[in-house]
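Structural overview
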Amino acid sequence: IEPGAVWVGENRITAQVVLWAAGVAASPLGRKLGAPVDRAGRVLVERDLSIPGHPEVLVVGDLAALADQNGKMLPGVAPVAIQQGNWVASTIARDLNNQPRRNFQYHDKGSLATIGRAAAVAQFGKFELSGYFAWLAWLFVHIFFLIGFRNRIIVMINWAWAYLTYERGARLITGSDELPGWNQSQRTTDSTEPTVPPGQRRAS
């Protein structure tokens, strides 16, 4: 990827805006368990969150692949991991008390996502909300689930300062112009396009 273009092999695609959406792979630990995994490397767990053939091994969170009651795969978000963690804790307690296990059931309490300054989207069941009030709900929920009063105060002060001063966070990705295996001599560029000296680092 370079300013104004993306290279796919020897083909140069002109692009002023580049969006990276390749997805995220699960931890390689899942494949080492010897259990079946999906394309992302997540372990295909049983309904009680154990791996097939080994009820003593339980997997939760981003590493677990499980469908909900409607057959839809559970998303890799914090509420799913939290509920699964609590469920596994209760499952271990039931095992110690020689009680039968129960199947995990996810309770979707809604989704929130901020999309800009004073703008967000929210969905609670069939109820959908967007804009400023969804943004306020996003702020409230995030503050509410923080652990400790001090953490809540610090986060509120930081967010208020960033909001009032229009402060933006910086996410820098720097690296060499040449990728591993890149043959610079085979690359062709337009003579009108400015080139970057080899070894110069970029930030985007």
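Notes on the structure in this doc start here.

Reading the values: the criteria
- Residues numbered from 1 in each chain as written.
- Predicted model: local features only at pLDDT ≥ 70, side-chain atom pairs only at ≥ 80, totals over all residues.
- Heavy atoms only, no water.
- Patch = residues over 30% accessible without salt bridge, like charges linked within 9 Å, V, L, I, M, F, W, Y side chains within 5 Å.
- Areas by Shrake-Rupley, 256 points an atom, 1.4 Å probe, with all protein chains shown as cover.
- Salt bridge = Lys/Arg side-chain N within 4 Å of Asp/Glu carboxyl O.
- Helix = DSSP H or I, 4+ residues; strand = E, 2+ residues; numbered from the N terminus.
- Phe/Tyr/Trp six-rings, centres within 6.5 Å; stacked < 30°, edge-to-face > 60°.
- Buried < 20%, exposed > 50% of the residue type's maximum accessible area, 1.4 Å probe, protein only.
- Lys NZ or Arg CZ within 6 Å of the ring centre and 35° of its normal.
- Contact = heavy atoms within 4.5 Å.
- Pairing = 2+ DSSP bridges.
- Axes fitted to C-alpha atoms, helices over the stretch in contact; angles between N-to-C directions.

Here the focus is a nonpolar patch on the surface. On the surface, a cluster of nonpolar side chains totalling about 420 Å² of accessible area is made up of Phe149, Ile153, Met156 and Ile157. Tracing the backbone through its elements, the reader meets Ile157 in helix α4 (residues 149-165).

To continue, consider the packing of aromatic side chains. Summed over the entire model, instances satisfying the criterion amount to six aromatic pairs. Their ring planes at 75 degrees and their centres at 5.9 Å tell us that Tyr132 and Phe133 sit as a pair that is edge-to-face. Taking relative accessible area as the criterion, Tyr132 reaches 42% and is therefore assigned partly exposed. A relative accessible area of 60% places Phe133 in the exposed class. Within the aromatic cluster, the residues linked to one another by ring pairs are Tyr132, Phe133, Trp135 and Tyr163. The ring centre of Trp87 lies 5.1 Å from the NZ or CZ of Arg102, which sits over that ring.

What follows covers the environment of Ala15. The residue Ala15 is located in the loop between β2 (11-14) and α1 (29-32) in this model. With a relative accessible area of 17%, Ala15 lands in the buried category. Counting along the chain gives 12 residues from Ala15 to Pro3, while the straight-line C-alpha distance between them is 8.3 Å. In this view, Ala15 contacts Gly4 and Ala5; residues no more than four positions away in its chain are not counted.

We now examine the sheet that holds strand β8 (residues 119-124). Here we have three strands laid out as an open sheet, ordered β7-β8-β9, and antiparallel in their pairing. Of all strands in the sheet, those bounded by a partner on one side alone are β7 (111-116) and β9 (127-131). This sheet shows a mean twist of 10 degrees between the axes of neighbouring strands, independent of strand direction. Bridge count for β8 against β9 is five bridges, and the pairing is antiparallel. In the strand pairing of β9, Ala122 is matched with Leu129.

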